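# Understanding the architecture of this molecule
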Amino acid sequence: MGHRKEIQVEIDRRSGFCFGGVKAINKVEEELEKGPLYCLGDIVHNTIEVERLEKMGLITIDHEQFKQLENARVLLRAHGEPPGTYETAKRNDIEIIDATCPVVLGLQQKIKRTFLKHENDGTQIVIYGMRGHAEVNGLLGQTNDTAIVIEGKEELEKLDFSRDIILFSQTTKSLEGFFEIGEMIREQMQGDAQLELHDTICRQVSNR
Ligand code: SF4
């Protein structure tokens, strides 16, 4: 008589989330134990998970509600926020629990450094991303909203090909789209104008 091996399969309810999302969810659970907690925007793009955390006490607010808050604890989700959000928090005595994904944070810092370096030399900082998306708003904020957002190749006409261009990408855009756009820009560059491509797409999503 052979032994019957029991195999236990445990399905991790977080397996559908990327590393940044899981980190933010863990942070919410940890911080809820310390007291009331607000979250600026949906913690993740998943209604079931948002509702589960709201049942535990998390209160989701939008930016308008955030501006009215005072003396509260607010978690910033993985997408990150522009500098203005941190300024509002300081003014209103809001404690920020920062769950910005380290990958997004690194990208914000990179864009900020690029902006400071090229602020006055006519270089165009371009972000390939979705206009109005929280992450893109956070990235734009690093350039005082001066960067140009393009959602696709149809919007390339917004660029001046006779001036230098530095292209970044929202972390969740497609690699294929990014390189296609990069190539299209390269073909149109004029004179001595330089193009710099920064593939800043997160492999947590591009490999799925
Ligand atoms: S950068 Fe990657 S890991 Fe971080 S939140 Fe975005 S998709 Fe998730």
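Reference entry: report on the structure contained in this document. (Residues numbered from 1 in each chain as written. Predicted model: local features only at pLDDT ≥ 70, side-chain atom pairs only at ≥ 80, totals over all residues. Heavy atoms only, no water.)

A few words now on the overall build of the chain. When helices and strands are tallied, the chain shows 8 helices and 8 strands. In terms of principal-axis extent, the alpha carbons of the chain reach across some 75 × 60 × 25 Å. Within the span of the chain, comprising 208 residues, buried residues form 46% of the whole. The contacts of the chain with a sequence gap of at least 6 include a subset with a gap of at least 24, amounting to 61%. Approximately 12,200 Å² of the chain is accessible, and the part contributed by carbon and sulfur atoms is 48%. Put simply, the chain has 26 plus and 36 minus side-chain charges, and the middle of one group is 5 Å from the middle of the other. (Helix = DSSP H or I, 4+ residues; strand = E, 2+ residues; numbered from the N terminus. Buried < 20%, exposed > 50% of the residue type's maximum accessible area, 1.4 Å probe, protein only. Contact = heavy atoms within 4.5 Å. Areas by Shrake-Rupley, 256 points an atom, 1.4 Å probe, with all protein chains shown as cover. Lys, Arg positive; Asp, Glu negative; His and termini not counted. Charge placed at Lys NZ, Arg CZ, Asp CG, Glu CD.)

Glancing now at the environment of Arg163. On the secondary structure map, Arg163 appears in the loop between β6 (148–150) and β7 (165–169). Look at Arg163 and you get partly exposed, because its relative accessible area is 36%. Along the chain, Arg163 and Ile148 lie 15 residues apart, while their C-alpha atoms are 13 Å from each other. Those residues within four positions of Arg163 in sequence are excluded, and the remaining contacts are Gly122, Gln124, Met189 and Ala193. A polar side-chain atom of Arg163 sits 2.5 Å from the main-chain carbonyl oxygen of Gly122. (Polar contact = N/O pair within 3.5 Å; in protein donor to acceptor, adjacent residues only side chain to side chain.)

The next point concerns the site of the ligand. What surrounds the ligand is the set Cys18, Phe19, Gly20, Ala78, Cys101, Val103, Val104, Thr171, Cys202, Gln204 and Val205. When residues are assigned to domains, the shell around the ligand turns out to be shared by domain 1 (19–100) and domain 2 (103–206), each giving three or more. (Near = heavy atom within 4 Å. Domains from an automatic or database assignment.)

The subject of this paragraph is helix α7 (residues 175–188). In this model, α7 (14 residues) spans 20 Å end to end at C-alpha, consistent with the 20 Å of a helix rising 1.5 Å per residue. Along α7, the residues that are buried comprise Gly177, Phe178, Ile181, Gly182 and Ile185. Axial view of α7: buried residues confined to an arc of 135°, hence all on one face. Of the exposed residues in α7, those oriented more than 90 degrees away from the buried face are Glu176 and Glu187. Packing partners of the buried residues in α7 comprise β5 (124–128), β6, β7 and β8 (195–197). (Expected span 1.5 Å × (residues − 1). Arc of directions from axis to C-beta.)

Below, the discussion takes up the sheet that holds strand β3 (residues 73–76). In spatial order, the strands read β2-β1-β3-β4; together these 4 strands make up an open sheet with parallel pairing. Looking at the sheet topology across the chains shown, the edges are occupied by β2 (58–61) and β4 (95–98). Each neighbouring strand pair of the sheet contributes to a mean axis angle of 35°, computed without reference to strand direction. Where β3 meets β4, 4 bridges bridge the pair, whose relative direction is parallel. Across the sheet, the residue bridging to Leu75 is Ile97, located in β4. Contacts between helix α4 (residues 83–91) and the sheet are confined to β1 (37–40), β3 and β4, with β4 contributing the most and set at about 145° to the helix. (Pairing = 2+ DSSP bridges. Axes fitted to C-alpha atoms, helices over the stretch in contact; angles between N-to-C directions.)

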